[in-house]
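What the coordinates show
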Amino acid sequence: MQIVECRGKLFMIDCGEGAQIQLRRSSIAFERLGHIFISHLHGDHCFGLIGLISTFGLLGRKAPLHIHAAKELKPMLEAQLTMFFNYDIGYQVQFYPVDTTKKAIVYEDHSLTIESIPLEHRMPCCGYLISEKPTLPHIRRDMIDMYGIPISQINNIKAGHGYTLPDGTEIPHERLVTPPHPTRSYAYCSDTRFMPNLHESIKNVSTLYHESTYADDRLDSAEKYYHSTARQAATVALNANAGKLLLGHYSARYSDETILLNEARKIFKNSFLTSEMDVFDV
Ligand SMILES: [Zn+2]
Ligand SMILES: [Zn+2]
């Protein structure tokens, strides 16, 4: 399970067993969580869903919860909702099928888009790319005051226009604003075997989470089970020109994951291990 926060909204990606316990242990205000995106239907990515839905009901949630996943999840989810709750959990659970074979926008609001990224795993699977939309430039209060520009012109200037003074002098847009914050993006890629062209879908991503189930000593297992090694994850990060790489989804055979980190850092320096409850800035 991962929680991504962007401009006050929370998005959850995947929901393994115990997600509701982790969520309650964290300080996250989960009433702000409206959308959950599931990569694929292996248990470690979705078994926590019904527990989470139930917990939200017990906590008195009223806002609808939107679940995005491969269409195969829908009948299972509906059966569980009917069997355990007779559909009476106090709020609406809304399901949206995701076509895991396509790169497409699956969610959009005024501040960001979320796209599916097709991955190659033992069953239909996709990652998600969350991209902030550009914000408007910031108005320079000092310039507005200096030129005596009326408030009615502020939106015009934010939208890219300059201003003409009463004497006909043109003040260019650039002098009246400072540039907006650079936009950030986050790609979640798990589970997948190494995809040599994956970087094309996530070019210049600020932060990439890519599974690294194995080190290169188990390249054969990675290939067999459609997982990746840390070196392969780092190769994707390098080719994508990512800002940062987060590793995760380690095989239980590694008691010390430093071997994975070292392997990744040989290829892509800005690599980090992740574990439960970690928090990263994108
Ligand atoms: Zn899997
Ligand atoms: Zn998995």
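The following paragraphs examine the structure supplied in this document.

1. Section: the overall build of the protein
- The helix and strand inventory of the protein stands at 10 helices and 16 strands.
- Viewed in the frame of its principal axes, the protein has a C-alpha envelope of about 75 × 50 × 35 Å.
- Classification of the 282 residues of the protein by burial places 49% in the buried group.
- Looking at the protein alone, contacts between residues at least 24 apart form 63% of all its contacts between residues at least 6 apart.
- Here the protein displays about 14300 Å² of accessible surface, and carbon together with sulfur accounts for 53% of that area.

2. As for the coordination of the zinc ion (ligand 2)
- Each protein donor to the zinc ion (ligand 2) is listed here as Asp44 (OD), His45 (NE2), Asp191 (OD) and His249 (NE2); together their distances run 2.1 to 2.2 Å.
- Each of the four donor atoms bound to the zinc ion (ligand 2) contributes to angles spanning 89 to 173 degrees, and the resulting shape is irregular.
- The sequence pattern describing where the donors of the zinc ion (ligand 2) fall on their chain is D-H-x145-D-x57-H.
- Separating the zinc ion (ligand 2) and the zinc ion (ligand 1) is a distance of 3.5 Å, and Asp191 donates to both of them.

3. Describing helix α10 (residues 258-267)
- Turning to α10, its buried residues number three or more, namely Leu260, Leu261, Glu263 and Ala264. Buried residues of α10 fall within an arc of 165 degrees about the axis and therefore sit on the same side.
- In this structure, the buried side of α10 is in contact with α9 (230-240), β15 (244-248) and β16 (271-273).

4. Considering the nonpolar core
- Membership of the largest hydrophobic core comes to 29 residues, with the highest contact counts inside it found for Ile202, Leu208 and Leu245.
- When residues of this core are traced back to their parent elements, those giving at least two are β13 (185-189), α9, β15 and α10.
- The element best represented in this core is α9, accounting for six residues.
- Excluding residues within four positions of it along the chain, Leu245 makes contact with Leu208, His210, Ala233, Ala234, Ala237, Phe268, Asn270, Ser271 and Phe272.

5. A few points about the coordination of the zinc ion (ligand 1)
- Only His40 (NE2), His42 (ND1), His121 (NE2) and Asp191 (OD) from the protein coordinate the zinc ion (ligand 1), and they sit 2.1 to 2.4 Å from it.
- Coordination geometry of the zinc ion (ligand 1): the four donor atoms subtend angles of 92 to 168 degrees at the metal centre, consistent with an arrangement described as irregular.

6. Describing the packing of aromatic side chains
- With the rule as written, the count across this model stands at seven aromatic pairs.
- With 5.2 Å between their ring centres and 65 degrees between their planes, Phe11 and Tyr107 make a pair best called edge-to-face. Taken together, the residues Phe11 in strand β2 (residues 9-13) and Tyr107 in strand β6 (residues 105-108) connect sequence positions 96 residues apart. Take Phe11 and Tyr107: they sit in the same class, and that class is buried.

7. Side note on α9
- Most of α9 is tucked away, with eight of its 11 residues classed as buried.
- Every buried residue of α9 is accounted for by Ala230, Gln232, Ala233, Ala234, Thr235, Val236, Ala237 and Ala240.
- Contacts made by the buried residues of α9 are with β14 (207-211), α8 (219-225), β15 and α10.

Analysis parameters
Residues numbered from 1 in each chain as written. Chains lettered and ligands numbered in written order. Predicted model: local features only at pLDDT ≥ 70, side-chain atom pairs only at ≥ 80, totals over all residues. Heavy atoms only, no water. Helix = DSSP H or I, 4+ residues; strand = E, 2+ residues; numbered from the N terminus. Buried < 20%, exposed > 50% of the residue type's maximum accessible area, 1.4 Å probe, protein only. Contact = heavy atoms within 4.5 Å. Areas by Shrake-Rupley, 256 points an atom, 1.4 Å probe, with all protein chains shown as cover. Donors = N, O, S within 2.8 Å, 3.2 Å for Na, K, Ca; no water. Tetrahedral: all angles 85-135°; square planar, octahedral: opposite > 155°, others 65-115°. Arc of directions from axis to C-beta. Core = buried A, V, L, I, M, F, W, Y, C linked by side-chain atoms within 4.5 Å. Phe/Tyr/Trp six-rings, centres within 6.5 Å; stacked < 30°, edge-to-face > 60°.

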